[in-house]
Amino acid sequence: MNEINILDGLPNTILSVATAVFPLAFLFIIFQILMLKLPLRAFVTILKGTVLTSVGLLLFLQGVHIAFLPFGRAIGEALGTLSGRWQLMPLGFLLGFLTTWGEPSVRILANQVEEASSGSIRRSTVLYAVCVGVAFFVGLGMLRIVYDIPLLYILIPGYTIVILMLWFSDKEFISIAVDAGGVATGPMANTFLLALALGISSSMGGQPPIIQGLGLVALIALAPIISVMALGCIIQFKKDRKE
Amino acid sequence: MAQLFKEKFLEVIKSITPLVIVVCVLQFTVVDAPTPLFVQFLIGSLMAIVGLMIFFLGIDIGILPMGKFIGAELPKRESLMLIGGLAFSLGFATTIAEPDVLVLSRQVDAISQGSISGNVVLFAMALGVGLFVAVSMLRIVFGFSMVYLLTAVYAVVLILSFFTPAEFVPLAYDAGSVTTGALTAPVVISLALGLSSVLSGRSSISDGFGLLGFASVGPIIAIMILGILGY
């Protein structure tokens, strides 16, 4: 690619924002008429907020698409040719951490947890737990691409650990952990980290890149469930000791 | 409003810039991509930062209150049908609309060499999400423990993993991430928080959260079952 293309894939971005917003706005208006009957001012404010959300989302997704998709791939291709392949692990760790750090839904979840717990669970606790978890698993994912480790060798022990931890964890952290698994695979991870994995595996040959890329997403979804629930187990353990 | 804007501005700067800086460092040390591509990266990053600020602002004044109002209104009608039905249709509709799901369903179509059609996959995933959202909304109403529910569904996923044809396994696990469009998370989280806030004796944390993550297991199971049946 030799020229700057800001509008690349714009119709797709518009379509995905529209399909996300319209059903929601429609549902809200129906609810407002039939059941909610909020005062007009509140209703209008919410609609304004919805418009802002759509505009912001459009700009954000398009920016991510033109910035992090091609560049993730370029970084991946460059890293795949590095002679010392062990370097991929710390780099995967770092990029995994920072991508999740920038993931919008992770922040929304962390904010809502702090608000709902009236501050007893701090947003930074959730944020760090999720980011560290994803960082480890992206590092592991790099190792998997380099050494061609089958995905199930990681996923099966991973989900087994999750099932075991469920029985020892603080209840509140179980719910947060499961949601954290859902939010970590947001638009940043799905473009940047996915493109990174595709770039690395395409420059190294081996398995079809698409399989490698999908595998990484599966690991990113599992990572925060384990890390946040591990935190829940520690908190539960401390509570038990106090009693 | 000005205070809120300043807060969001700082949050977005803190969240995106570290990654942008590291990417710049990599560009000058190992990557050395063509200049136009790097300039495009910088422009795109700026767009993402501005966009995210507006997005967060809109989420705070529009989407979160909307979700909480609707969630809090639901139990007042004392109709399980309404809650389950709404949850199901919300999960079903957002999945059908999600562009990632379309891409994924085409991949299943291709891997199965057309024996499992893309439309069937799309429908199965939407059904998976819809059912799981409905189950976890009703869980909040009945106050059923998350531990049993999660143990059961993760056990099902693990067992199915051994029987699912190998090509489908990464696809199936990836399908779990379809419930995570940028807008789905705030909507679902606020809806569940709103619902649990008006029911007495519910913890706002352990009952208010978990819905989104639980819903993501639905499509994993759906694709695995399709993979097993399709061969």
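How each quantity is defined
Residues numbered from 1 in each chain as written. Chains lettered and ligands numbered in written order. Predicted model: local features only at pLDDT ≥ 70, side-chain atom pairs only at ≥ 80, totals over all residues. Helix = DSSP H or I, 4+ residues; strand = E, 2+ residues; numbered from the N terminus. Buried ≥ 20, exposed ≤ 12 C-beta atoms within 10 Å, placed from the backbone. Contact = placed C-beta atoms within 7 Å. Core = buried A, V, L, I, M, F, W, Y, C linked by C-beta atoms within 7 Å. Nonpolar A, V, L, I, M, F, W, Y, C, P; charged D, E, K, R; others polar. Axes fitted to C-alpha atoms, helices over the stretch in contact; angles between N-to-C directions. Parallel < 35°, antiparallel > 145°, perpendicular 65-115°, else oblique. Left-handed = near helix turned anticlockwise from the far one by under 90°. Expected span 1.5 Å × (residues − 1). Arc of directions from axis to C-beta. pLDDT = per-residue confidence, 0-100.

Let's talk about the overall build of chain B
For step 1, the next point in the chain: A count of helical and extended segments in chain B gives 10 helices and 0 strands.
For step 2, the next point in the chain: Counting helices and strands in the order they occur from the N terminus, chain B gives α-α-α-α-α-α-α-α-α-α.
For step 3, the next point in the chain: The principal-axis extents of the C-alpha atoms in chain B amount to approximately 55 × 50 × 30 Å.
For step 4, the next point in the chain: Here chain B holds 231 residues, and the buried ones make up 54% of them.
For step 5, the next point in the chain: Sequence separation of at least 24 residues holds for 83% of the intrachain contacts in chain B that already meet a minimum separation of 6.

Observations regarding the overall build of chain A
For step 1, the next point in the chain: For chain A, the helix and strand inventory stands at 9 helices and 0 strands.
For step 2, the next point in the chain: Order of helices (α) and strands (β) in chain A, N terminus to C terminus: α-α-α-α-α-α-α-α-α.
For step 3, the next point in the chain: Projected onto the principal axes, the alpha-carbon positions of chain A cover approximately 65 × 65 × 25 Å.
For step 4, the next point in the chain: Of all 243 residues assigned to chain A, the portion counted as buried reaches 56%.
For step 5, the next point in the chain: The long-range share in chain A, meaning contacts at least 24 apart out of those at least 6 apart in sequence, stands at 86%.

Concerning the nonpolar core
For step 1, the next point in the chain: Among the nonpolar cores identified, the biggest contains 166 residues, and Ile220 of chain A together with Ile223 of chain B are the most heavily contacted of them.
For step 2, the next point in the chain: The biggest single contributor to this core is helix 2 (residues 35–73) of chain B, with 18 residues.
For step 3, the next point in the chain: Ignoring sequence-local partners within four residues, the contact set of isoleucine 220 of chain A consists of Val134, Phe137, Val138, Ala184, Thr185, Ala189 and Leu193 of chain A.

A few points about the interface of chain B and chain A
For step 1, the next point in the chain: Each partner contributes to the interface: chain B provides 80 residues, whereas chain A provides 87 residues.
For step 2, the next point in the chain: Counting residues per element, the ones that place at least two in the side of chain B that touches chain A are helix 1 (2–31), helix 2, helix 3 (80–97), helix 6 (146–163), helix 7 (168–175), helix 8 (184–198) and helix 9 (211–215) of chain B.
For step 3, the next point in the chain: For the side of chain B that touches chain A, the element with the most residues is helix 2 of chain B, which contributes 27 residues.
For step 4, the next point in the chain: Looking at side-chain class alone, the side of chain B that touches chain A contains 55 nonpolar, 22 polar and 3 charged residues.

Here's the deal with the packing of helix 3 (residues 88–101) of chain A against helix 1 of chain B
For step 1, the next point in the chain: Following both chains from N to C, one finds helix 3 of chain A and helix 1 of chain B inclined at 150°, their axes separated by 7 Å at the closest point. Relative to helix 1 of chain B, the element helix 3 of chain A lies roughly antiparallel. Crossing hand, helix 3 of chain A versus helix 1 of chain B: left-handed. Residues Leu94, Leu98, Thr99 and Trp101 of chain A of helix 3 of chain A pack against Ser15, Pro18, Leu19 and Val22 of chain B of helix 1 of chain B.
For step 2, the next point in the chain: A breakdown of the residues in the contact of helix 3 of chain A with helix 1 of chain B according to their chemical character gives 6 nonpolar, 2 polar and no charged.

Quick notes on the environment of leucine 90 of chain B
For step 1, the next point in the chain: Along the polypeptide, leucine 90 of chain B turns up in helix 3.
For step 2, the next point in the chain: As a C-alpha pair, leucine 90 of chain B and valine 188 of chain B span 98 residues in sequence and 9.2 Å in three-dimensional space.

Concerning the packing of helix 2 (residues 40–80) of chain A against helix 2 of chain B
For step 1, the next point in the chain: Helix 2 of chain B packs onto helix 2 of chain A with a crossing angle of 150° between their chain directions and a minimal axis gap of 5 Å. The angle between the axes of helix 2 of chain A and helix 2 of chain B places the two elements in the roughly antiparallel class. The element helix 2 of chain A and its partner helix 2 of chain B pack so that their crossing is left-handed.
For step 2, the next point in the chain: Considered class by class, the residues forming the contact of helix 2 of chain A with helix 2 of chain B number 28 nonpolar, 13 polar and 1 charged.

A few points about helix 7 (residues 171–183) of chain A
Residue and element names in this part refer to chain A.
For step 1, the next point in the chain: In a regular helix each residue adds 1.5 Å, so 13 residues correspond to 18 Å; helix 7 covers 19 Å between its end C-alpha atoms and thus fits that length.
For step 2, the next point in the chain: Helix 7 sits mainly inside the fold: 12 of its 13 residues count as buried.
For step 3, the next point in the chain: Looking at helix 7, one finds that the buried residues are Glu172, Phe173, Ile174, Ser175, Ile176, Ala177, Val178, Asp179, Ala180, Gly181, Gly182 and Val183.

Considerations on helix 6 of chain B
For step 1, the next point in the chain: The end-to-end C-alpha distance of helix 6 of chain B, which contains 18 residues, comes to 26 Å, matching closely the 26 Å that a straight helix rising 1.5 Å per residue would cover.
For step 2, the next point in the chain: Those residues of helix 6 of chain B that fall on the buried side of the exposure criterion are Met146, Leu150 and Val157 of chain B. All buried residues of helix 6 of chain B lie within an arc of 30° about the axis, which places them on one face of the element. Of the residues in helix 6 of chain B, the exposed ones pointing more than 90 degrees away from the buried face are Tyr148, Ala152, Ile159, Phe162 and Phe163 of chain B.
For step 3, the next point in the chain: On the buried face of helix 6 of chain B, the contacting elements are helix 6 (152–166) and helix 7 of chain A together with helix 10 (217–230) of chain B.

With respect to the confidence of the model for chain B
Keep in mind that low pLDDT regions are not for reading the predicted coordinates in detail.
For step 1, the next point in the chain: For chain B, per-residue confidence averages 88 on the pLDDT scale, and residues scoring 70 or more make up 98% of the total.
For step 2, the next point in the chain: Two numbers describe this predicted complex: its pTM, 0.92, and its ipTM, 0.91.

Some details on the environment of methionine 188 of chain A
Residues and elements named next belong to chain A.
For step 1, the next point in the chain: Here methionine 188 shows up in helix 8 (residues 187–204).
For step 2, the next point in the chain: Given 29 C-beta atoms within a 10 Å radius, methionine 188 is considered buried.
For step 3, the next point in the chain: Each C-alpha atom of the pair methionine 188 and leucine 98 lies 10.0 Å from the other, and the pair is 90 residues apart in sequence.

Describing the environment of glycine 102 of chain A
For step 1, the next point in the chain: For glycine 102 of chain A, the position within the fold is in the loop between helix 3 and helix 4 (104–116).
For step 2, the next point in the chain: Sequence separation between glycine 102 of chain A and phenylalanine 192 of chain A is 90 residues, and the spatial gap between their C-alpha atoms is 11 Å.

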